[in-house]
Amino acid sequence: MDIKEQRQYLSELGIRLKTFRLARNDTMAVFAQRLGVSAGTLRAMEHGTATVQIGAWVKALWVLDHLDDLNGVLAQKASLLEQARAPRTRIRQRASRRA
């Protein structure tokens, strides 16, 4: 993925955030206060700025009642059939030794 594609995804995410905020009839100041961020940070989120911390996005998803949408972000992609066919070798793990 190149930079242009990344910017496009973030821009679309910001547009969706703004759409949800407006659907709630919240001003930028009120919504930013609910998120615990400044109006400038909210503006950056709505514009798709890449430097906004993930914590701000998590708060936004929580306020909008979409936090469960994050469950699929790094979810395992193997199907149940693939999991059943996979070899059942266990990798032994140990804690590091402490001095």
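Residues numbered from 1 in each chain as written. Predicted model: local features only at pLDDT ≥ 70, side-chain atom pairs only at ≥ 80, totals over all residues. Heavy atoms only, no water.

Novice: Is there a simple way to think about helix α2 (residues 28-35) in this case?
Specialist: In an α-helix, one turn spans 3.6 residues, which is why side chains three or four residues apart end up on the same side. Within α2, burial applies to Phe31, Ala32 and Leu35. Along α2, the residues classed as buried sweep out an arc of 100 degrees about the axis, all on the same side. Pointing more than 90 degrees away from the buried face of α2 are the exposed residues Ala29 and Gln33. The inward-facing, buried residues of α2 contact α1 (3-23), α3 (39-47) and α4 (54-63). (Buried < 20%, exposed > 50% of the residue type's maximum accessible area, 1.4 Å probe, protein only. Helix = DSSP H or I, 4+ residues; strand = E, 2+ residues; numbered from the N terminus. Arc of directions from axis to C-beta. Contact = heavy atoms within 4.5 Å.)

Novice: Mind showing me how you'd approach a nonpolar patch on the surface here?
Specialist: On the surface, a nonpolar cluster with roughly 730 Å² of combined accessible area is contributed by Ile54, Val58, Trp62, Leu67, Leu70, Val73 and Leu74. The residue Val58 is located in helix α4 in this model. Residue Val58 is classed as partly exposed on the basis of its relative accessible area, which comes to 30%. (Patch = residues over 30% accessible without salt bridge, like charges linked within 9 Å, V, L, I, M, F, W, Y side chains within 5 Å. Areas by Shrake-Rupley, 256 points an atom, 1.4 Å probe, with all protein chains shown as cover. Salt bridge = Lys/Arg side-chain N within 4 Å of Asp/Glu carboxyl O.)

Novice: Could you clarify how one ought to interpret the side chain of Arg21 in this entry?
Specialist: For Arg21, the location among the structural elements is in helix α1. Look at Arg21 and you get buried, because its relative accessible area is 6%. Here the side chain of Arg21 touches Asp26 through a polar contact of 3.0 Å, landing on its backbone oxygen. Residues within four places of Arg21 in sequence aside, it is in contact with Asp26, Thr27, Met28, Phe31, Leu42 and Glu46. (Polar contact = N/O pair within 3.5 Å; in protein donor to acceptor, adjacent residues only side chain to side chain.)

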